[in-house]
Protein chains: 2
Amino acid sequence: MTVPAETFFLAPDQSGTLQQRIQQMVAEGILEGRFRAGDKLPSSRKLAAHLGVSRITVTLAYTELVADDYLTSRGRSGYFVSDTAPRQPEFVRPSGAQTDSVDWARVTGERFSGQRSYPRAQNWRSYDYPFVYGQTDPELFDHQNWRNCALRALGKRDFDVMAGDYYEHDDPMLIEYIARNILPRRGITAHPRQILLTLGAQNALWLSAQVLLNARRTAALENPCYPGLRSVLTQTRCRSVQIDVDEDGLPPEALPDDVDVVFTTASHQCPTNATMPRARRERLLALASERDFVVVEDDYEFEMSFLKAASPSLKSLDREGRVIHVGSFSKSLFPGLRLGFLVGSEPFIAEARALRATVLRHPPGHVQRTAAYFLALGHYDALVNRLHQAYRRRRMAMDEAITAQGLQVAGQGAFGGSSFWMRAPEGIDTRDLADRLAARGVLIEPGAAFFDDAQGDCPFYRLAYSSIRNARIPEGIALIAQEIAATGLR
Amino acid sequence: MTVPAETFFLAPDQSGTLQQRIQQMVAEGILEGRFRAGDKLPSSRKLAAHLGVSRITVTLAYTELVADDYLTSRGRSGYFVSDTAPRQPEFVRPSGAQTDSVDWARVTGERFSGQRSYPRAQNWRSYDYPFVYGQTDPELFDHQNWRNCALRALGKRDFDVMAGDYYEHDDPMLIEYIARNILPRRGITAHPRQILLTLGAQNALWLSAQVLLNARRTAALENPCYPGLRSVLTQTRCRSVQIDVDEDGLPPEALPDDVDVVFTTASHQCPTNATMPRARRERLLALASERDFVVVEDDYEFEMSFLKAASPSLKSLDREGRVIHVGSFSKSLFPGLRLGFLVGSEPFIAEARALRATVLRHPPGHVQRTAAYFLALGHYDALVNRLHQAYRRRRMAMDEAITAQGLQVAGQGAFGGSSFWMRAPEGIDTRDLADRLAARGVLIEPGAAFFDDAQGDCPFYRLAYSSIRNARIPEGIALIAQEIAATGLR
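Per chain, the residues get numbers from 1 upward, laid out in the order the sequence is written. Following the order in which they are written, the chains are lettered starting with A and the ligands numbered starting with 1. Residues qualify for local features only when their pLDDT is at least 70, as the model is predicted, and side-chain atom pairs are given and counted only at 80 or more; totals for whole chains, interfaces and linings, by contrast, use all residues. Think of the side-chain values as coming from all heavy atoms in the structure, minus any hydrogens and water.

### With respect to the nonpolar core
As a reminder, the rule being used: We define a nonpolar core as any set of buried Ala, Val, Leu, Ile, Met, Phe, Trp, Tyr and Cys residues linked to one another through side-chain atoms lying within 4.5 Å. Partly exposed residues are those whose accessible area sits between 20% and 50% of the maximum for their type, while under 20% is buried and over 50% is exposed, using a 1.4 Å probe and protein chains only. Note on contacts: a residue pair qualifies if any of its non-hydrogen atoms lie within 4.5 Å across the two residues.
Among the nonpolar cores identified, the biggest contains 136 residues, and Ile480 of chain A together with Ile480 of chain B are the most heavily contacted of them. Apart from the residues lying within four places of it in its own chain, the contact partners of Ile480 of chain A are Phe131, Leu407, Leu437, Val442, Ile444, Tyr461 and Leu463 of chain A. Counting 82 residues, the second largest nonpolar core, distinct from the first, contains Ala209, Leu212, Leu221 and Leu233 of chain A.

### Digging into the interface of chain A and chain B
As a reminder, the rule being used: Note on terms: buried area is the combined drop in 1.4 Å-probe accessible area of two parts once they are placed together, counting the loss on both. The rule for a salt bridge is simple: a side-chain nitrogen of Lys or Arg has to be within 4 Å of a carboxyl oxygen of Asp or Glu. Only runs of H or I of at least four residues qualify as helices and only runs of E of at least two qualify as strands under DSSP, and these elements are numbered from the N terminus. Polar here means any residue other than Ala, Val, Leu, Ile, Met, Phe, Trp, Tyr, Cys and Pro, which are nonpolar, and Asp, Glu, Lys and Arg, which are charged; Gly is therefore polar.
Chain A puts 119 residues into the contact, and the matching count from chain B is 118 residues. When the two sides are added together, the surface that chain A and chain B hide from each other amounts to roughly 10500 Å², 56% of it contributed by carbon and sulfur. When the buried area of chain A at its contact with chain B is split by residue, Trp104, Tyr167 and Arg180 of chain A rank highest and sum to 7% of it. Taken together, the connections running from chain A to chain B amount to 6 salt bridges. With a shortest N-O distance of 2.7 Å, Arg180 of chain B and Asp39 of chain A are connected by a salt bridge. Mapped onto the side of chain A that touches chain B, the elements with two or more residues apiece are α4 (104-108), α5 (143-153), α6 (156-162), α7 (172-185), α8 (200-212), α9 (227-236), α12 (346-359) and α13 (365-376) of chain A. By residue number, the principal contributor to the side of chain A that touches chain B is α12 of chain A, which donates 10 residues. Per-class residue counts for the side of chain A that touches chain B are 55 nonpolar, 33 polar and 31 charged.

### So, the packing of aromatic side chains
Selection criterion: To pair, rings of Phe, Tyr and Trp, with the six-membered ring standing in for Trp, must have centres within 6.5 Å; the planes then decide the type, stacked if under 30 degrees apart, edge-to-face if over 60, and tilted in the middle. By definition here, charges over rings are those cases where NZ of Lys or CZ of Arg is within 6 Å of the ring centre and within 35 degrees of the ring normal.
One pass over the structure, following the stated rule, counts 41 aromatic pairs over all chains. Ring geometry for Tyr62 of chain A against Tyr79 of chain A: centres 4.9 Å apart, planes inclined by 55°, an arrangement best described as tilted. Of this pair, Tyr62 of chain A sits in helix α3 (residues 55-67) while Tyr79 of chain A is found in strand β2 (residues 79-81), placing the two residues 17 residues apart along the sequence. Since its relative accessible area comes to 0%, Tyr62 of chain A is described here as buried. Aromatic pair Trp421 of chain A and Phe451 of chain A: ring centres 6.3 Å apart, planes at 35°, arrangement tilted. With Trp421 of chain A in strand β12 (residues 419-423) and Phe451 of chain A in the loop between β14 (445-446) and β15 (460-464), the pair connects residues that are 30 residues apart, well separated along the chain. Classification of Trp421 of chain A as buried rests on a relative accessible area of 2%. Put simply, the rings of Phe141, Trp146, Phe334 and Phe374 of chain A together with Phe159 of chain B touch in pairs and so form one group of aromatic residues. The ring of Tyr129 of chain B carries the charged tip of Arg472 of chain B above its face, separated from the ring centre by 6.0 Å.

### Structural notes on unusual backbone geometry
Across the chain, the bulk of peptide bonds are trans and the bulk of non-glycine residues have phi less than zero. In this chain, Asn223 of chain B is followed by Pro224 of chain B through a cis amide linkage whose omega measures 0°. With respect to the secondary-structure elements, Pro224 of chain B resides in the loop between β5 (218-223) and α9 (227-236). With an omega dihedral of 10°, the bond running from Cys270 of chain B to Pro271 of chain B counts as a cis peptide bond. Following the sequence through the fold, Pro271 of chain B ends up in the loop between β7 (261-264) and α10 (278-291). The phi dihedral of Arg237 of chain A is positive, around 60°, even though this residue is not glycine. Structurally, the position occupied by Arg237 of chain A is in the loop between α9 and β6 (239-244). Exposure remark for Arg237 of chain A: the relative accessible area of 55% places this residue in the exposed category. Of note in this structure, Glu110 of chain B is not a glycine but carries a positive phi near 45°.

### Concerning the UniProt feature "domain: HTH gntR-type" (unreviewed entry) in chain A
For the record, the criterion: UniProt positions are given in the numbering used here, feature names are shortened, and annotations may be inferred rather than shown by experiment.
Residues annotated by UniProt as "domain: HTH gntR-type" (unreviewed entry) correspond here to residues 16-84 of chain A. The span residues 16-84 of chain A is 51% helical and 9% strand by assignment, and the distance between its end C-alpha atoms comes to 27 Å.

### As for the sheet that holds strand β10 (residues 340-343) of chain A
All names here are of chain A. Put simply, the test is: Two strands make a pair as long as DSSP finds a minimum of two bridges between them. A fitted line through C-alpha atoms represents every axis, and for helices the fit uses only the stretch in contact; the resulting angles, taken between N-to-C directions, go from 0 to 180 degrees.
Overall, mixed pairing links the 7 strands, which are arranged β4-β10-β9-β8-β7-β5-β6 in an open sheet. Since the sheet does not close on itself, it has two edges, and those belong to β4 (195-198) and β6, each with one partner. The sheet shows a mean angle of 20° between the axes of neighbouring strands, direction not considered. Where strand β7 (residues 261-264) lies against strand β8 (residues 294-298), 4 bridges are found, and the strand directions are parallel. Paired with Thr264 across the two strands is Glu297, which belongs to β8. Of the strands in this sheet, β4, β9 (323-328) and β10 are in contact with α7, which crosses β4 at around 110°.

### Considerations on the pattern of salt bridges
The full count for this structure, using the stated rule, is 56 salt bridges over all chains. Across the salt bridge formed by Arg193 of chain A and Glu346 of chain A, the nearest N and O atoms sit 3.1 Å from each other. Here the residue Arg193 of chain A occupies a position in the loop between α7 and β4, and Glu346 of chain A occupies one in helix α12, the gap between them amounting to 153 residues. Judged by relative accessible area, which is 29%, Glu346 of chain A ranks as partly exposed. Note that Arg369 of chain B and Asp158 of chain B form a salt bridge whose closest N and O atoms lie 2.7 Å from each other. One end of the pair, Arg369 of chain B, is in helix α13 (residues 365-376); the other, Asp158 of chain B, is in helix α6 (residues 156-162), with 211 residues separating them in the sequence.

### Regarding the side chain of Arg322 of chain B
Residues and elements named next belong to chain B. Convention followed: Identification of polar contacts relies on pairs of N or O atoms within 3.5 Å, with a donor-acceptor requirement for protein atoms, meaning one able to donate a hydrogen and the other able to accept it, and with residues adjacent in sequence counted only if both atoms are side-chain atoms.
Looking at the element boundaries, Arg322 is found in the loop between α11 (314-317) and β9 (323-328). Given the relative accessible area of 4%, Arg322 is considered buried. Engagement of the side chain of Arg322 in a polar contact is seen with the side chain of Asp292, the distance being 3.1 Å. Reaching out from Arg322, the side chain makes a polar contact with the backbone oxygen of Phe293 at a distance of 3.1 Å.

### Concerning empty space enclosed by the protein
Quick note on the threshold: Grid points spaced at 1 Å over the protein atoms alone were grouped into cavities, where a 1.4 Å probe fits but cannot get out, and pockets, open sets with protein on both sides within 12 Å along at least five of seven lines, with lining residues defined by an atom within 4 Å of a point. Grid points are joined across faces, edges and corners, and a volume is the space filled by probe spheres set on the points.
Enumeration according to the criterion identifies 11 cavities of 30 Å³ or more in this entry. Here the largest cavity defines a volume of roughly 260 Å³. Lining the largest cavity we find 21 residues, and of these His366 and Val367 of chain A together with His366, Val367 and Thr370 of chain B sit closest to its centre. Counting only elements with at least two residues in the lining of the largest cavity, the list comes to α5 and α13 of chain A together with α5 (143-153) and α13 of chain B. With 4 residues, α13 of chain B is the single largest residue contributor to the lining of the largest cavity. Here the lining of the largest cavity is composed, by residue class, of 14 nonpolar, 7 polar and no charged.

### Remarks on the domain arrangement of chain A
What counts here: An automatic or database domain assignment supplies the start and end points of every domain.
Each assigned domain of chain A is listed here: domain 1 (5-81), domain 2 (124-137 + 384-486) and domain 3 (143-377). Averaged C-alpha coordinates put domain 1 of chain A and domain 2 of chain A at centres separated by 56 Å.

### Examining the relation of the copies chain A and chain B
This is how it is decided: When the copies are overlaid, the least-squares fit takes in C-alpha atoms only where the residue has pLDDT of at least 70 in both copies.
The two copies are related by a screw motion: chain A maps onto chain B through a turn of 180° and a shift of 0.0 Å along the axis, at an RMSD of 0.1 Å. Here the copies are linked by what is in effect a two-fold axis. By residue overlap, the copies meet face to face through one surface: 99% of the interface positions of chain A are interface positions in chain B.

### Here we look at the packing of α5 of chain A against α13 of chain A
Residues and elements named next belong to chain A. As a reminder of what qualifies: Small angles under 35 degrees read as roughly parallel and large ones over 145 as roughly antiparallel, with 65 to 115 read as roughly perpendicular and the rest as oblique. Crossings are sorted by hand: turned counterclockwise from the far helix by less than a right angle, the near helix makes the crossing left-handed, and turned clockwise it makes it right-handed.
Two elements in contact, α5 and α13, have axes whose closest approach is 8 Å; the angle formed by their N-to-C orientations is 125°. As summarised for this structure, α5 and α13 are arranged oblique, according to the angle between their axes. Relative to α13, α5 is oriented so that their crossing is right-handed. Contacts between α5 and α13 involve Asn145, Trp146, Cys149, Ala150, Arg152 and Ala153 on the former and, on the latter, His366, Arg369, Thr370, Ala371, Tyr373 and Phe374. Of the residues that constitute the contact of α5 with α13, the class distribution is 7 nonpolar, 3 polar and 2 charged.

Here it is in structure tokens:
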């Protein structure tokens with residue numbers, strides 16, 4: 001890289017001669033790691049013009065730096081950072097920042113970073129047995145067609161339109177496709193004005209909670225539940241009630257009388273994989289009507305029903321506009337895409353849209369258009385089909401290995417999904433188990449983070465099969481069984 | 001498109017024979033515009049298997065629909081929506097939604113949509129004289145190289161890595177490039193842990209406000225100021241103080257004693273284009289230290305200094321870690337990209353990062369990597385250079401036309417920028433002026449939205465030249481002068 005002349009400034013309050021100050025700026029850049037071995041310095045002419053000093057001053061500074069082995073001169077090509085230049089082993093504290101006089105703990109109240117953390121391995125790809133949830137398998141993704149769709153979305157005509165500031169709006173092409181093709185699979189018919197794109201399901205849940213809740217309102221959530229939802233609710237400062245789920249998911253009878261918003265993962269309860277039966281769905285909606293509450297349905301794995309046809313969503317049974325439906329392309333496409341959507345009554349969507357505009361405007365234009373092409377050209381359906389086949393095989397392999405090793409399944413999902421909810425023998429804390437297994441190349445998810453009360457031992461853990469190869473499953477499960485057996489508990 | 005069988009559901013509580021119910025579902029889909037002329041229906045075999053009915057039932061339903069001209073049969077190819085099928089002129093109220101029993105105004109409080117709106121023409125491209133701000137000119141953008149960088153970021157190796165869920169993290173390649181090359185141009189040295197990517201400057205301001213403010217704190221903002229900032233502050237429920245700017249921007253002496261956070265656009269005051277002189281910057285920082293407040297510097301047009309070298313940013317003068325720096329690629333790349341960044345002390349960035357993770361996780365992976373390549377390969381510098389040349393020419397053309405037509409400039413920016421802040425004769429409300437001009441193909445931005453008190457006539461307006469061709473400028477300015485002259489006021 002060539003270091004631009006514009007990165008140099010002569011601060012008026014600095015001491016030393018001009019030449020010394022130039023030397024110092026270059027040396028600092030090298031020591032701080034901003035300029036690296038082989039980087040080309042600006043020509044003495046350019047730097048002199050930029051700083052408003054004479055060219056000889058710059059040349060003298062460079063000559064000194066060569067003598068100190070910061071720079072090497074390559075004749076007419078100019079000056080370069082020397083391969084053997086002095087350097088600091090780590091990116092050091094920048095010269096300009098000095099001490100920090102702000103009491104940040106007081107100023108920020110550590111409101112956000114102080115929340116219960118949910119440690120996740122970012123380097124999961126380097127593990128041999130990644131039973132990790134929510135990441136996808138690059139081997140299964142239709143990378144070639146995605147790239148073709150991206151190219152089309154980046155073609156001159158689409159590029160210009162999607163490069164603009166859309167203010168609070170979405171790509172009409174993607175919205176239309178969701179309305180015509182995605183939602184009907186879940187039994188939902190919706191007008192484009194009832195749909196809002198979001199940055200994944202996380203963003204959809206956050207927007208819903210902000211619009212529907214405040215410090216005087218009460219939210220009910222499933223226990224255990226998706227940990228990201230707890231952080232979302234903490235920010236609204238609402239009261240919240242934890243409802244223990246059973247093998248049919250959330251029991252409506254357990255809801256308190258004065259609840260305002262109920263969050264549920266009716267189709268694939270997260271993390272237990274329970275599917276709420278039709279009768280219970282009807283009961284939940286009847287209660288919503290009776291007690292005047294709103295239901296937020298997180299249908300995060302809506303495309304992952306490969307064992308039998310998906311039951312219609314709660315939203316499809318909603319006759320009163322009480323259900324807010326959350327969908328996500330993170331599982332069916334990929335999570336780094338950050339695309340999901342909200343479906344709900346028009347006045348609700350209008351609020352969520354206004355809030356989204358203030359927080360982030362809209363998801364990036366070309367991302368939206370690329371997804372629209374991928375869906376419209378039929379690649380999406382083909383991909384979902386391929387995922388179904390692969391997941392069905394993996395689930396069978398999981399099932400066989402788990403049975404063979406005598407591990408205990410706590411919930412596995414009637415329709416499909418991408419994970420098993422497991423139970424270790426009483427007395428085992430799965431956080432410790434996860435640590436020991438990680439050292440042997442096996443990634444599992446300890447269950448504690450999903451529960452309201454994360455204190456004490458938690459025997460549950462989650463095993464996902466969306467990112468692990470079929471052939472690795474038996475050995476991975478065997479290692480888990482060995483590690484559990486080693487505790488002597490059963 | 002082929003209509004997937006999965007979009008059909010037999011609701012158990014519906015009346016009619018199976019055949020009638022199938023007919024109804026198809027007809028509704030066509031009437032509601034979900035199935036369109038030429039769409040292929042699922043084969044009778046597939047639909048029968050999906051619904052669990054006999055094939056003859058489906059065939060009979062289809063035959064009836066052919067008789068009613070909803071469908072046409074093309075022999076062995078199957079059934080298609082007829083070109084002359086009945087249809088509703090508009091996307092009608094979906095059949096499933098029925099009445100809405102929720103009192104949405106009460107539930108949502110219309111907290112977000114009720115805020116003062118800031119109308120912006122989404123179809124600005126169809127105007128002959130779009131003096132519109134904040135959109136870029138596709139003619140100037142280096143579309144070909146952007147596409148090449150996107151292709152590289154979508155290549156197999158990068159694709160897999162960037163497709164993952166990054167949780168709270170950013171692309172290290174883009175962060176490093178910002179630290180090494182972008183920030184030094186503004187005189188800032190920062191460690192990667194002091195940088196956070198955001199979905200544009202809007203998202204950066206929102207995150208800063210949420211972390212730094214609450215109902216017990218006071219924010220000072222410039223008046224006039226960027227309207228998006230007012231919506232951001234409304235959400236924090238903080239107290240806010242409006243400080244009238246002068247020709248040098250925000251006057252530090254006017255700040256109240258008990259302010260906690262000061263928002264400023266020191267380098268190009270939005271919308272007046274004033275540049276805060278060095279002495280005033282030092283004074284502002286000295287006051288910040290004395291009274292213990294934090295400064296959020298919105299450096300939204302940091303690359304647009306084409307008349308003389310940019311003055312170093314406030315952050316570069318900050319010796320106490322009191323300045324939060326907001327940057328954006330919306331002006332130098334394009335706004336639909338939704339990429340900006342925050343630079344600040346580590347504890348602050350850690351809070352903003354945790355908040356961002358809860359709200360939206362991270363900007364889409366491939367967007368980050370594409371920008372990283374575009375920057376690292378030097379295309380960015382070349383583009384900024386080209387923008388500078390074009391903007392310089394346009395600014396000259398604006399200057400000449402404005403002088404020739406005798407219009408009054410209220411602020412134009414010493415370093416460059418992309419707009420003029422204009423003043424119409426007293427007695428003209430520029431909202432009316434904008435409406436009349438829009439009818440003649442001229443888009444201007446009325447000034448009222450920038451002021452605290454939007455009541456009453458506002459003689460100010462903004463003329464941007466980032467999206468209008470050079471050749472159109474004289475005529476556009478002439479039309480504005482004509483329209484002002486027509487009022488008889490001067």
